[in-house]
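Results of the structural survey
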Amino acid sequence: MAFLKTLLIIILCYYLFKILAKLFAPKIINYAAKKTEAHFKEKFGDFANQNTTQEEQVGDVIIEKRPTKKRTTSEKVGDYIDFEEID
């Protein structure tokens, strides 16, 4: 009798969990989506501001050149030696 009672309680808890999951899952997912959206806006909000700045400057050509690297040292690394294999 105790085994049937335990089995009935387990089955009842399972179905109760399924019903509650169907009721509260959309609210939990909506809450998680809002939190994630707020997190992304906080982290990547600066990129949106940069895009608006670039849109204001449409048509302007900006060329950024890197400074050329000049080699000041001319050290000799070594001599090239050609080996021949002797049979």
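Throughout what follows, the structure given in this document is the object of discussion. Note that the structure is a prediction, hence the values are computed from the model and not measured. Every residue gets a number counted from 1 within its own chain, in the order that chain's sequence is written. At least 70 in pLDDT is required for a residue's local features to be given in this predicted model, at least 80 for side-chain atom pairs to be given and counted, and no such filter applies to totals for whole chains, interfaces and linings, which use all residues. Each side-chain value is worked out from all heavy atoms of the structure, with water and hydrogens disregarded.

Moving on to the overall build of the protein chain. Strands here are runs of E lasting at least two residues and helices are runs of H or I lasting at least four, both read from the DSSP assignment and numbered beginning at the N terminus. Helix and strand content of the protein chain: one helix and zero strands. Classification of residues uses two cut-offs on accessible area relative to the type maximum, computed with a 1.4 Å probe and protein chains only: under 20% is buried, over 50% is exposed, and between them is partly exposed. Within the protein chain, the fraction of its 87 residues that count as buried is 0%. Surface accessibility follows the Shrake-Rupley procedure with a 1.4 Å probe radius. Residue values consider only the protein chains on display as shielding. A total of about 10,100 Å² of accessible surface is found on the protein chain, and carbon and sulfur atoms cover 61% of it.

Here is the rule: rings of Phe, Tyr and Trp (six-membered ring for Trp) pair when centre to centre is within 6.5 Å. Planes less than 30 degrees apart are stacked, more than 60 are edge-to-face, and the remainder are tilted. By the definition in use, this model includes two aromatic pairs. A ring pair is formed by Tyr-14 and Tyr-15, whose centres lie 5.3 Å apart and whose planes are at 70°; its orientation type is edge-to-face. Look at Tyr-14 and you get partly exposed, because its relative accessible area is 47%. Owing to a relative accessible area of 48%, Tyr-15 belongs among the partly exposed residues under this scheme.

Right, let's get into the pattern of salt bridges. By definition, a salt bridge exists where a carboxyl oxygen of Asp or Glu is found within 4 Å of a side-chain nitrogen of Lys or Arg. Considering all chains together, one arrives at one salt bridge under this definition. A salt bridge links Glu-37 to Lys-41; the nearest nitrogen and oxygen atoms lie 3.4 Å apart. Taken together, the positions of Glu-37 and Lys-41, both in helix H1 (residues 2-56) and four residues apart, correspond to about one turn of that helix.

The next thing to look at is a nonpolar patch on the surface. Exposure above 30% relative accessible area and no salt bridge define the residues that can form patches, which grow by joining like charges within 9 Å and nonpolar side chains of Val, Leu, Ile, Met, Phe, Trp and Tyr within 5 Å. Together, Phe-3, Leu-4, Leu-7, Ile-11, Tyr-14 and Tyr-15 make up a nonpolar patch on the protein surface, roughly 670 Å² of accessible area in all. If you trace the backbone, Phe-3 turns up in helix H1. According to the relative accessible area criterion, Phe-3 is exposed, its value standing at 62%.

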